[in-house]
Amino acid sequence: LYITAFTISLLLAWLLERMERQEYVARTQLDAEIQVRKAAEQAALEARDAQGMFLARMSHEIRTPLHGVLGLLDLLLDMGLAEKAQEMLLRMKGAGTHLLSIVNDVLDLAKITAGKMELKSSAMAIRELPRICFDLFASSLAEKHLRPCLVV
């Protein structure tokens, strides 16, 4: 009877030790997986921040010369050139202003990503938007000998 109890005790001790080893291995693997996931999360956050910084820097770098071009267009418009030249300059200014708004949108995207976006309310001439968009493509229409027509 003692030998049977001793054998059962040894068997139970062996099973318990084996289960503890398996638990240790599982915990070690789980800890390693957690470390890998934390490193991947940190790398993703750093990549997101780097992308935001790149977008912000590039949009600022593009805006500076674009403001210079728009300023020169204003000077040309003030020179009293021929009507056709004035019309072309106005279209160029419209396209430049549109490009500036796209660059500003990219900068806004960088601000949103960085959590630094501030919302503000502003007036908008919504009735003018179709004409503004139409003016952007008027020269392309003329090149293709198409008659422009805008109905709002």
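Presented here is a report on the structure given in the accompanying data block. (Residues numbered from 1 in each chain as written. Predicted model: local features only at pLDDT ≥ 70, side-chain atom pairs only at ≥ 80, totals over all residues. Heavy atoms only, no water.)

**Digging into the overall build of the protein chain**
Right, on to step 1. Scanning the protein chain from terminus to terminus reveals three helices and zero strands.
Right, on to step 2. Along the protein chain, from the amino end to the carboxyl end, the secondary structure elements read α-α-α.
Right, on to step 3. The C-alpha atoms of the protein chain give a radius of gyration of 34 Å, which is well past the 15 Å a tight globule of 152 residues would have.
Right, on to step 4. For the C-alpha atoms alone, the extent of the protein chain along its principal axes is close to 120 × 35 × 30 Å.
Right, on to step 5. A burial count over the protein chain gives 10% of its 152 residues as buried.
Right, on to step 6. Considering only contacts within the protein chain whose residues lie at least 6 apart along the sequence, 57% involve residues at least 24 apart.
Right, on to step 7. Surface accessibility of the protein chain: about 13000 Å² in total, with carbon and sulfur atoms responsible for 65%. (Helix = DSSP H or I, 4+ residues; strand = E, 2+ residues; numbered from the N terminus. Rg over C-alpha atoms; globule rule 2.2 N^0.38 Å. Buried < 20%, exposed > 50% of the residue type's maximum accessible area, 1.4 Å probe, protein only. Contact = heavy atoms within 4.5 Å. Areas by Shrake-Rupley, 256 points an atom, 1.4 Å probe, with all protein chains shown as cover.)

**Points about the environment of L55**
Right, on to step 1. Mapped onto the elements of the fold, L55 is located in helix 1 (residues 2-77).
Right, on to step 2. Using a relative accessible area of 18% as the deciding quantity, one classes L55 as buried.
Right, on to step 3. Measuring from C-alpha to C-alpha, the distance between L55 and K111 comes to 9.2 Å, with 56 residues separating the pair along the chain.
Right, on to step 4. Residues contacting L55, with those up to four places away along its chain left out, are V106, L109 and A110.

**Digging into the pattern of salt bridges**
Right, on to step 1. Inspection of the entire model under this criterion finds seven salt bridges.
Right, on to step 2. The salt bridge involving R27 is made with E23; its shortest N-O contact spans 2.8 Å. Here E23 and R27 lie together in helix 1, a separation of four residues that amounts to about one turn.
Right, on to step 3. Across the pair E33 and R37 runs a salt bridge, and its minimum N-O distance is 2.7 Å. Taken together, the positions of E33 and R37, both in helix 1 and four residues apart, correspond to about one turn of that helix.
Right, on to step 4. For E33, a relative accessible area of 36% translates into the label partly exposed.
Right, on to step 5. The class of R37 is exposed, set by a relative accessible area of 57%. (Salt bridge = Lys/Arg side-chain N within 4 Å of Asp/Glu carboxyl O.)

**Observations concerning the packing of helix 2 (residues 83-114) against helix 3 (residues 129-143)**
Right, on to step 1. In contact at an axis separation of 9 Å, helix 2 and helix 3 are set at 125° when each is read in the N-to-C sense. Between helix 2 and helix 3, the interaxial angle falls into the category oblique. The hand of the helix 2/helix 3 crossing is left-handed. Mapping the contact onto sequence places R91, G94, A95 and H98 in helix 2 and D135, L136, A138 and S139 in helix 3.
Right, on to step 2. Looking at the contact of helix 2 with helix 3 residue by residue, the classes come out as three nonpolar, three polar and two charged. (Axes fitted to C-alpha atoms, helices over the stretch in contact; angles between N-to-C directions. Parallel < 35°, antiparallel > 145°, perpendicular 65-115°, else oblique. Left-handed = near helix turned anticlockwise from the far one by under 90°. Nonpolar A, V, L, I, M, F, W, Y, C, P; charged D, E, K, R; others polar.)

**What to know about the environment of P148**
Right, on to step 1. Relative to the elements of secondary structure, P148 occurs in the segment after helix 3.
Right, on to step 2. By relative accessible area, which is 46% here, P148 ends up partly exposed.
Right, on to step 3. Through-space distance from the C-alpha of P148 to that of L12 is 91 Å; in sequence the pair is 136 residues apart.

**A look at the side chain of Q86**
Right, on to step 1. Mapped onto the elements of the fold, Q86 is located in helix 2.
Right, on to step 2. Under the relative-accessibility criterion, Q86 is labelled buried at 18%.
Right, on to step 3. Apart from residues lying up to four places away in sequence, Q86 is in contact with L77, G80 and L81.

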